[in-house]
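Descriptive analysis of the structure
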Amino acid sequence: MTEFVDRVNLEELDFDDERSMRSDDMFTPSKLMGVAIFGAIAALAGYYVYAQLDSDKRNALRDCVISVAKEQVSSLTAPSKQ
């Protein structure tokens, strides 16, 4: 392996494409913090609305969400039909 590294001429390698992609990286710390803060605010607003609902509407919403989640999980875990 070291023989290969010794034979590589660094002047012939072109890193321009990789460096330009890194400057427009999707996962910069500022973008990650922005998404995290947005998610926290959305969750807080959703919980506030949920807490203001009547108990019967809350139970109906909970049952609906649970049934949708069960369908999603069962579709992912069901054996594929061929």
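So, on to the overall build of the chain. Looking only at helices and strands, the chain has four helices and zero strands in total. Each helix and strand of the chain, ordered N terminal to C terminal, gives the series α-α-α-α. Scored against the burial criterion, the 82 residues of the chain give a buried share of 0%. Accessible area of the chain: about 8,000 Å², with a carbon and sulfur share of 62%.

A full pass over the atoms with the stated rule returns zero aromatic pairs. One Lys or Arg, R58, reaches over the ring of Y50 and ends 5.8 Å from the middle of that ring.

Right, let's get into the confidence of the model for the chain. A residue-level look at the chain finds 67% of positions with pLDDT of 70 or above and a mean pLDDT of 82. For the chain, helix α2 (residues 16-23) is the element with the lowest average pLDDT, namely 54, and helix α3 (residues 29-52) is the one with the highest, namely 96.

Our next topic: α3. Over its 24 residues, α3 runs 35 Å from end to end, which matches the ideal 34 Å to within 8%, given 1.5 Å per residue. Within α3, only zero of the 24 residues are buried, which leaves it mostly out in the open.

The rules behind the values
Residues numbered from 1 in each chain as written. Predicted model: local features only at pLDDT ≥ 70, side-chain atom pairs only at ≥ 80, totals over all residues. Heavy atoms only, no water. Helix = DSSP H or I, 4+ residues; strand = E, 2+ residues; numbered from the N terminus. Buried < 20%, exposed > 50% of the residue type's maximum accessible area, 1.4 Å probe, protein only. Areas by Shrake-Rupley, 256 points an atom, 1.4 Å probe, with all protein chains shown as cover. Phe/Tyr/Trp six-rings, centres within 6.5 Å; stacked < 30°, edge-to-face > 60°. Lys NZ or Arg CZ within 6 Å of the ring centre and 35° of its normal. pLDDT = per-residue confidence, 0-100. Expected span 1.5 Å × (residues − 1).

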